[in-house]
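Chains, contacts and geometry: an overview
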Amino acid sequence: MNLYPILLDSRPSYLEGSRSSLLLVPLGTGTLLDHLRARLSAVSLNSLAVCPTFEPDPDYVARVQRIYPQARVIAGAHALDGYLARLEPSDWLFMVDPRCFPADGLDPESLLHHTSADPRWARHLVALDASVTGTKEHVDVDREGRVRRIQRYYDAVTWPFASGVACSLLPCSCRLAGRELDLGSLADLRLSLAGRGVPSRDLPMPGGALDLSEERGLLALSERFILEATTGTGRGAQAAAPLFVGNHVVIHRSARIVGPVVLHEGVVVEENATILGPALLGAGVRVGPNAVVAQSMVAPGISVGADWVIRHRAVFADLPANPPALRDPASGGYHPAPGPGPVDTAEQIERRSRYPPLKHALDLTLSLLMLLVLSPVLALIAILVRLDSKGSALYGHLREGQGGKVFRCWKFRTMVTGAAALERQLKAQSQVDGPQFKIERDPRVTRVGHMLRRSNLDELPQILNVLRGQMSFVGPRPSPFRENQLCVPWREGRLSVRPGITGLWQVCRHDRDQGDFHQWIQYDLLYVRHQSWLVDLKILLATVIALAGRGHVPLEWIIPKSQLRQVGLEEPGPPIG
Amino acid sequence: MDGSVRSSLQGVILAGSYQWSEVGFDRLLPRPLLPVAHRPLASYALRWLDEGGISGAVVCANAGSRALRARLSSQAPRGMNLTFQEDPTPRGPAGCVRDAWFGSNVETVVVVDGTTIPVVDLQAVLDAHFRSGAAVTVVVDAAPAQPGRPGIQTPSGVFVFDRRALELVADRGFQDIKENLIPHLYKAGELVATFGVPAATPRVINASTYLSVNQWTVEQLAEKGEELPGYFALGDLQAHPTARLALDAVIVGPVLVGPQVRVDSGATIVGPATIGFGAIIGAGAMVSRSAVWRRSVIGAEAVVDRCVVADQAYVAAKAVLMGTVAAERAPRPAAAPTDRERSPRFANLAGLVRRPIVP
């Protein structure tokens, strides 16, 4: 695949008044252009083309070529036509718009190796609106403005609203025209291609995107680069001393530099100045006496006057002689911080239970043993089911397993074929609240089915699921999709572990068939919070007791009250603080 | 609004929590009690209701009811009648609202999610609700439509219920607003209206959003010039008079310093940040964009950026923590702090605050 990379260059609002553009912004030890060029050189040997979306200054070309001499600057639709004329139909364009920058870093390989339905399709790396927890809610309104429902979307990938396109892989065979490529953003290009009927494929970006058309997005990206440059591993590691890129950096003895700071060539820091990291000072920046530059980025050539305070800003424009306070650009509206947030310290992660992998290993061995031992019993039941009614012996219902992964939960078929259609008619007779569907004498159940259900033998084929690693012996019940929509914390709790054949609810609940929904939630959450091998063992014992007909087991026997983990709370102190 | 209408209004704050998570941050405190600018998160909803003219509120919580009652009762605005309701078995949001309302003669109930800080004008919402005659009004954060993407409306956590909507909620079992009640109302032909807010509503979902909300609140306090009761404001710094800050400490940006905090020589605090009751910031340390909770200790020369330092946590000297939830306690009892650098009078601190020069 012969790739021709094209970088879109733009001038976001915070760059107004400066001569710089987004690709020329200093980032880490170089510029954004350097970084992207390094990334793209891994997939293409052809030289990079830069396509400005604004009207470039006369010396723009010179500045770009000073960083990267082989770059071609293509400005305007006409020039793009000329560029495209030299390409073959079998060539591909790889266009990158840095304004939508993947939070995990730009990985061109992901687009190339993405298996799409047809290798001739265009491909786009799309940023989907992903909320921090992965749950997103959308108010569904009908034409008159009445709310129909509030729809919850759980998986970031199924949230259908794209918020930007980071890069696009376009075949030249789809008759691209200069004016189409000159639309100004890859999102518009994607729409235009779709409108023209060019088949394309969206690849969702894992981990979200940073919006570099906003100052806070650029600062977040810059901090990431600074951390990588100074520590090498990014977060949490010991930060080294400030990083000097180039020579002639002059720092006064009384100046203070705290935290990870990158200083480019020719930076001068005068007396009593303070630089607080993560910060970046571009080439030739001069920081006056007593000034404070706190966690900011200062573009090359800017002078920071005496006594100034710059906090959380990206400074590109020359500042006037009498400086006003440089405050946060927050206009009063609330914006969650871009990028991933705080994670637990390493010790907390280690302290998390090591039991789940052990449990998984135990499950696999035990299920293999049980399968070998019980195979004649399973075969017998299968024959009985097939004799009793028409249809297969096993019935696999789609359920959500750990992490939301869908799998088929196998059971012996206890209902007549086509029972799902009858369910709707009988739904009015459902005798429990919540999303379950249980009727005392369900008319769709076969005779053998009744016996299997009463003795719980219809659940036996789930040993196959355990063997495949989709389920475990002990855990919350595997739930159909509909039931999981109801209560978000319950859903998250349930899906954090493998579902089980038996569980806390089955052994502890008081009334067998009329189990209330709220009890279900409580028991599931209790189990998830108190997982341990002892609890699992007790539940298995209790299951045997229950199957033998001895009734249910009180909760205190499985999880003693003393071990019930409550959230830690201190004594209340003074009313504020 | 006249008194007769006011008495037929009631507020309900949904502050329930299902604490199952193994994630460290979720186990520190129930979410409605997280300290945002030194006040519990749920108290913002209470104050918002009070400012909107509602005189009585019911706080619905499950397992954390006792703790909520202990912390929030003192935070309730004067003149507000606060009751706490615990559901022994999960009733769900709609179920809790119904139980809170049942037995009273209240006509309209304003429901607020206890983990949000509502920014919408309550009077405007109520006016729109009464004018439209809706059974339920959902306040939404409306993101405007862009080319290739329709306008997105996300519920912001505030609902206004009319009594006829509450009558439809069953009196037992888990009842959800979004999944049960609203589709039910739509099928019954009742109007469920929306009220759009252009700005996003701050909401705490996890550690990252907690820090964002905390920072936003501190910035708002500084921007509006509001002072917390009992605190002194000095530029963007708000400090309690019992705090002791060394004369050569550097404070940049909006920072909240709580009672009995000690900031040692050469330490730097970059806002927006909050330093809780009794915390100790060691000499030469830098704390930026973080929430430092009560009685924690940050060792000398440490760098703490974008972190949550939990109650009584200990950050070792010279440690570098970025984007972390620090909750480990000190390995052995911390040495008694020496009081060498003490600035007894608050007035001496005028020089240490690096205040931006306002034109």
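Residues numbered from 1 in each chain as written. Chains lettered and ligands numbered in written order. Predicted model: local features only at pLDDT ≥ 70, side-chain atom pairs only at ≥ 80, totals over all residues. Heavy atoms only, no water.

Looking at where A:Arg152 falls in the secondary structure, it is placed in strand S10 (residues 147-153). Of the polar contacts made by the side chain of A:Arg152, one reaches the side chain of A:Glu137; its length is 3.4 Å. A polar side-chain atom of A:Arg152 sits 3.3 Å from a polar atom in the side chain of B:Asp176. (Helix = DSSP H or I, 4+ residues; strand = E, 2+ residues; numbered from the N terminus. Polar contact = N/O pair within 3.5 Å; in protein donor to acceptor, adjacent residues only side chain to side chain.)

Regions with low pLDDT should not have their predicted coordinates read in detail. All names here are of chain B. Mean pLDDT over chain B: 84, with 88% of residues reaching 70 or higher. Looking at the elements of chain B, mean pLDDT is at its lowest for strand S27 (residues 353-354), recorded as 49, and at its highest for strand S17 (residues 273-275), recorded as 96. Segment residues 354-359 is flagged for pLDDT under 50; beyond a separation of four residues in sequence, or across chains, it makes 16 contacts in the model. Reported confidence for the predicted complex is 0.86 by ipTM and 0.84 by pTM. (pLDDT = per-residue confidence, 0-100. Contact = heavy atoms within 4.5 Å.)

It is worth spelling out unusual backbone geometry at this point. All names here are of chain A. Between Gly277 and Pro278 the backbone carries a cis peptide bond, its omega angle lying at 0 degrees. Positionally, Pro278 belongs in the loop between strand S19 (274-276) and strand S20 (279-281). For Asn272, which is not glycine, the phi torsion reads 60 degrees and is therefore positive. Within the element layout of this structure, Asn272 appears in the loop between strand S18 (268-269) and S19.

Quick look at helix H4 (residues 92-101) of chain B now. Residues and elements named next belong to chain B. The element H4 is largely enclosed, with a buried count of eight among its 10 residues. Buried residues along H4 sit in contact with strand S1 (9-14), strand S4 (56-61), strand S5 (81-86), strand S6 (108-113), helix H6 (163-166) and helix H7 (177-187). Directly beyond the C-terminal end of H4, a positive phi value near 95 degrees is found at Gly103. (Buried < 20%, exposed > 50% of the residue type's maximum accessible area, 1.4 Å probe, protein only.)

With that settled, consider the packing of helix H9 (residues 355-388) of chain A against helix H11 (residues 447-455) of chain A. It is the contact of H9(A) with H11(A), at a shortest axis distance of 8 Å, that shows an interaxial angle of 145 degrees. Mapping the contact onto sequence places A:Ile381, A:Leu384, A:Val385 and A:Asp388 in H9(A) and A:Arg447, A:Val448 and A:Leu452 in H11(A). (Axes fitted to C-alpha atoms, helices over the stretch in contact; angles between N-to-C directions.)

Turning next to the packing of aromatic side chains. Taken as a whole and assessed by the stated rule, the structure comprises six aromatic pairs over all chains. On the basis of an interplanar angle of 35 degrees and a centroid distance of 5.9 Å, the ring pair of A:Tyr14 and A:Phe316 is categorised as tilted. Within this pair, whereas A:Tyr14 is found in the loop between strand S1 (3-9) and strand S2 (26-27), its partner A:Phe316 is found in the loop between strand S26 (314-315) and strand S27 (343-344), the two being separated by 302 residues in sequence. Within the aromatic cluster, the residues linked to one another by ring pairs are B:Phe25, B:Tyr210 and B:Trp293. (Phe/Tyr/Trp six-rings, centres within 6.5 Å; stacked < 30°, edge-to-face > 60°.)

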